[in-house]
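Tertiary structure, described
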Amino acid sequence: MRAAGRFQGEFLAIVADLVGERNARHYGALLLTSTHGITDMDLSGHLGAEGLNASAEELLDTLVRMVANAGEAA
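Everything in this summary refers to the structure shown in the same document. (Residues numbered from 1 in each chain as written. Predicted model: local features only at pLDDT ≥ 70, side-chain atom pairs only at ≥ 80, totals over all residues. Heavy atoms only, no water.)

If you tally the helices and strands in the protein, you get 3 helices and 0 strands. Written out in order from the N terminus, the α and β elements of the protein read α-α-α. If you line up the protein on its principal axes, its C-alpha atoms span 40 × 35 × 15 Å. By the burial criterion, 22% of the 74 residues in the protein qualify as buried. (Helix = DSSP H or I, 4+ residues; strand = E, 2+ residues; numbered from the N terminus. Buried < 20%, exposed > 50% of the residue type's maximum accessible area, 1.4 Å probe, protein only.)

Structure follows, in structure tokens:
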């Protein structure tokens, strides 16, 4: 739990650099939950050519760009 807490603090500091302190938890949660979902769908084969035909890497790149753009707009 302590290690996870340290990671969370460092992670939120990085997110805060993008979107500001006020929005860090919101966008941090978005990034973490989305990453978990993308990973799960990738591992289960739903992102492949027979499914959504998208790579996990492309989706994660898009997500990070969207959060960075939201930070620039704030």
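With that settled, consider helix α3 (residues 56–73). Between its first and last C-alpha atoms α3 spans 26 Å; for 18 residues at 1.5 Å apiece the expected length is 26 Å, and the two agree. All of the buried residues along α3 are A56, L63, V67, A68 and G71. Along the long axis of α3, the arc covered by the buried residues comes to 130°, so they all point the same way. Facing away from the buried side of α3 by over 90 degrees, the exposed positions are R65, M66, E72 and A73. (Expected span 1.5 Å × (residues − 1). Arc of directions from axis to C-beta.)

Here we come to the nonpolar core. Counting residues in hydrophobic clusters, the biggest one holds 9 residues: F11, L12, V15, A16, V19, A24, L31, L63 and V67. Of all the secondary structure elements, the ones that give two or more residues to this core are α1 (2–19), α2 (24–43) and α3. Counting residues per element, this core draws most heavily on α1, at 5 residues. Not counting the four nearest positions on each side in its chain, V15 is found in contact with G20, A24, Y27, G28 and L31. (Core = buried A, V, L, I, M, F, W, Y, C linked by side-chain atoms within 4.5 Å. Contact = heavy atoms within 4.5 Å.)

Here the focus is the packing of aromatic side chains. Under the definition given, this model contains 1 aromatic pair. Taking the centre distance of 5.9 Å and the plane angle of 20° together, the rings of F7 and F11 count as stacked. Of this pair, F7 and F11 are both found in helix α1, 4 residues apart, which corresponds to roughly one turn of the helix. With a relative accessible area of 48%, F7 lands in the partly exposed category. A residue is classified by how much of its surface remains accessible, and F11, at 16% relative accessible area, is buried. (Phe/Tyr/Trp six-rings, centres within 6.5 Å; stacked < 30°, edge-to-face > 60°.)

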